[in-house]
Amino acid sequence: AVQYIPTSIAALLLYTFPVFVAILSYFVEKERLTKKTVIAMLITLVGLGLVLGLSFGGIQPVGVLLALAAALFYSVYIVVGNRVVKGVSSYVTSAYIALFATISTFFITLKDRGGDLTFAVQGWWALFGIVVFSTVVAISFFFRGLQLIGSTKASVLSTLEPVVTFGFSALLFGEAFSLLQLL
């Protein structure tokens, strides 16, 4: 999608996934779609638009379709995941996801370029941190959240991710906020 449309638009379209989750959960899980949930999703989308800073130049329909397809596939993953974790520990679920993602990535890397694992110790520590915190712990917590509050609420709450990322990028890397983004 980002090859065809600005990254901010692609990110915003990806983060429409809570809307898809709510609709799918309504039909698949018979989850109620309350007025409060709909309002929360609308506020979230407006807020994401402000934080991401939209750029409408160079929008191609194929990019919009790809970004919305990513949102839809992620929604299916969440709704199916919500059904799976009902009978399984969130840690077991995340372990399987991490295992199959690792295997898939390994074979794709071999096919594409063979992979280069000759990097410094700091690189291994960074990789370890990404694997443990950004993958295994994050997935486990998300699936535990699915168990506790359901797929729609967990999806809406997970839209805080770009806001947190934005905040840390400003804090750690000195990236600037615009007045509109601070709203």
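An account of the accompanying structure is given in this report.

1. Here's the deal with the packing of aromatic side chains
Phase 1 of the analysis: Enumeration according to the criterion identifies 10 aromatic pairs in this entry.
Phase 2 of the analysis: Between Tyr-15 and Phe-17, the aromatic rings sit 5.6 Å apart at their centres with planes inclined by 50°, giving tilted as the arrangement.
Phase 3 of the analysis: For Tyr-15, a relative accessible area of 11% gives the class buried.
Phase 4 of the analysis: What makes Phe-17 buried here is its relative accessible area of 2%.

2. Description of unusual backbone geometry
Phase 1 of the analysis: In this structure, Lys-30 is a non-glycine residue whose phi angle is positive, near 60°.
Phase 2 of the analysis: Here Lys-30 is to be found in the loop between α2 (17-28) and α3 (35-52).

3. Some details on the layout of surface pockets
Phase 1 of the analysis: Volume-wise, the largest pocket comes out at about 610 Å³.
Phase 2 of the analysis: Tyr-74, Ala-138, Phe-142, Ser-158 and Glu-161 are, among the 20 residues lining the largest pocket, the residues nearest its centre.
Phase 3 of the analysis: Those elements that provide at least two residues to the lining of the largest pocket are α4 (61-84), α6 (121-149), α7 (151-158) and α8 (161-173).
Phase 4 of the analysis: With 8 residues, α6 is the single largest residue contributor to the lining of the largest pocket.
Phase 5 of the analysis: Taken together, the residues of the lining of the largest pocket break down into 15 nonpolar, 4 polar and 1 charged.
Phase 6 of the analysis: If you add up the space inside the second largest pocket, you get close to 490 Å³.
Phase 7 of the analysis: Lining the second largest pocket are 18 residues, and of these Thr-102, Thr-105, Phe-106, Leu-127 and Val-131 sit closest to its centre.
Phase 8 of the analysis: For the lining of the second largest pocket, the element with the most residues is helix α5 (residues 90-112), which contributes 7 residues.

Conventions and cut-offs
- Residues numbered from 1 in each chain as written.
- Predicted model: local features only at pLDDT ≥ 70, side-chain atom pairs only at ≥ 80, totals over all residues.
- Heavy atoms only, no water.
- Phe/Tyr/Trp six-rings, centres within 6.5 Å; stacked < 30°, edge-to-face > 60°.
- Buried < 20%, exposed > 50% of the residue type's maximum accessible area, 1.4 Å probe, protein only.
- Helix = DSSP H or I, 4+ residues; strand = E, 2+ residues; numbered from the N terminus.
- 1 Å grid on protein atoms, 1.4 Å probe; cavity = no way out; pocket = protein on both sides within 12 Å on 5 of 7 lines; lining within 4 Å.
- Points joined across faces, edges and corners; volume = space filled by probe spheres on them.
- Nonpolar A, V, L, I, M, F, W, Y, C, P; charged D, E, K, R; others polar.

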